[in-house]
Each structure stands twice: as C-alpha cells, then as structure tokens.
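# Tertiary structure, described
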Amino acid sequence: MTPAFGSHIVPPLAPHGRLALTESELENWGGELGHVAEPPLIVAISGELGAGKTTLVRSICRGYGVSEDVTSPTYALVHEYTTGRGPVFHLDLFRVEHPRELTNLGWDDIIQADALVLVEWPERAGDRLPPSAVHLDLEHIADDPDRRLLLAG
C-alpha cells in the first residue's frame, strides 16, 4: 500500500498533491521525508535532466541519517549507504535500457530488503517497480527557473 501524502509517513504537499519549491525548500521537504520514512519504503523519483532528483535524494538521505556524501550512481547504478536505521539504496536507472538489466543489479533483493530504496528514472524499471512505491515527480517551471514543481501520485 502506498503511504498517503500528508500522513505521518510522507510530508504534506499542497491540496492537489503538488508544491512549487526553491532548492532549499526542496531540500527541507526531502529532509522531512527522510526523517519520517520507515522501511521498507521505495520512493520512485521521476523528472527530466536537471530537475533536482539527486538533490531530493541527497536531502532524503540526510534526513534518514546518512552521514556519507551522497552522489549520483549514474555509472555504478547503485549506491548503498549504512545508517543506524538500516540500509539505504540509491539507484539511478538512467543508463538502463531494458527492465531485464535490473537482475544484474540485484534488483529483486534490493526491493525486498527492509530498507529505504530511492530510485531515479523509475520508468526504466517498467513493471518491475512494485505498486507500493511512492511516486514523486519533479518538473521545471517555465516562468520560474528558481523553483521546481514537486508532484505526488
């Protein structure tokens, strides 16, 4: 079951499941999500290049207790971080061309782990992304380049 937005699991968004946020506001929102996240939880983060996906992941990790430097696993595809609350897996599927490639990443073990799993470019996972994943989307705002639109759905 997907956690309800605005519940104790996921910080609230505006009434229609969207917020226009500056980078610092996005970082604060992500930190709050990380703070309240309870594993197992899979968060699927979509958005075009430069929309702020890794910024959001970095702040979720910070809120969850990751003390290491969080970087995009664009070439490694998966980074694992250890916290006192349990593991965090950060996956960047940008370079994945077909969902069958996920098997080589240990996908099935990762999504079944008692962990916080953060997936950038989740659309590349196809039907291998569990229906229980929390979906977030970041979009550029054409007339406001200093903000991103965060949508839940």
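The preceding data block contains the structure.
Structural notes, computed from the coordinates. None of the values given here were measured: they were computed from a predicted structure.

### Brief notes about the overall build of the protein
What the protein contains, in helices and strands, is three helices and seven strands. Listed by position from the N terminus, the elements making up the protein come as β-α-β-α-β-β-α-β-β-β. Contacts in the protein between residues far apart in sequence, at least 24 positions, make up 63% of those at least 6 positions apart. Looking at the protein as shown, the accessible area adds up to about 7800 Å², and 51% of this sits on carbon and sulfur atoms.

### A word on the packing of helix α1 (residues 23–36) against helix α2 (residues 53–64)
Following both chains from N to C, one finds α1 and α2 inclined at 40°, their axes separated by 6 Å at the closest point. In terms of orientation, α1 and α2 fall into the oblique class. For α1 against α2, the interelement crossing comes out right-handed. Where α1 abuts α2, its residues Glu23, Leu26, Glu27, Trp29, Gly30, Gly31, Leu33, Gly34 and His35 lie against Thr55, Leu56, Ser59, Ile60, Arg62, Gly63 and Tyr64. Considered class by class, the residues forming the contact of α1 with α2 number six nonpolar, seven polar and three charged.

### Let's talk about the environment of Leu151
Among the structural elements, Leu151 can be located in strand β7 (residues 147–152). For the pair Leu151 and Ile45, spaced 106 residues apart in sequence, the C-alpha to C-alpha distance is 9.9 Å. What Leu151 contacts, discounting residues up to four positions off in sequence, is Gly17, Arg18, His135, Leu136, Asp137 and Glu139.

### Comments concerning unusual backbone geometry
With an omega of -5°, the peptide bond between Pro39 and Pro40 qualifies as cis. Examined against the element boundaries, Pro40 turns out to sit in the loop between α1 and β2 (41–47). One non-glycine residue, Trp121, lies in positive phi territory at about 60°. Within the secondary structure layout, Trp121 lies in the loop between β5 (116–120) and β6 (134–140). On the basis of relative accessible area, Trp121 is assigned to the buried category, the value being 11%.

Parameters at a glance
- Residues numbered from 1 in each chain as written.
- Predicted model: local features only at pLDDT ≥ 70, side-chain atom pairs only at ≥ 80, totals over all residues.
- Heavy atoms only, no water.
- Helix = DSSP H or I, 4+ residues; strand = E, 2+ residues; numbered from the N terminus.
- Contact = heavy atoms within 4.5 Å.
- Areas by Shrake-Rupley, 256 points an atom, 1.4 Å probe, with all protein chains shown as cover.
- Axes fitted to C-alpha atoms, helices over the stretch in contact; angles between N-to-C directions.
- Parallel < 35°, antiparallel > 145°, perpendicular 65-115°, else oblique.
- Left-handed = near helix turned anticlockwise from the far one by under 90°.
- Nonpolar A, V, L, I, M, F, W, Y, C, P; charged D, E, K, R; others polar.
- Buried < 20%, exposed > 50% of the residue type's maximum accessible area, 1.4 Å probe, protein only.

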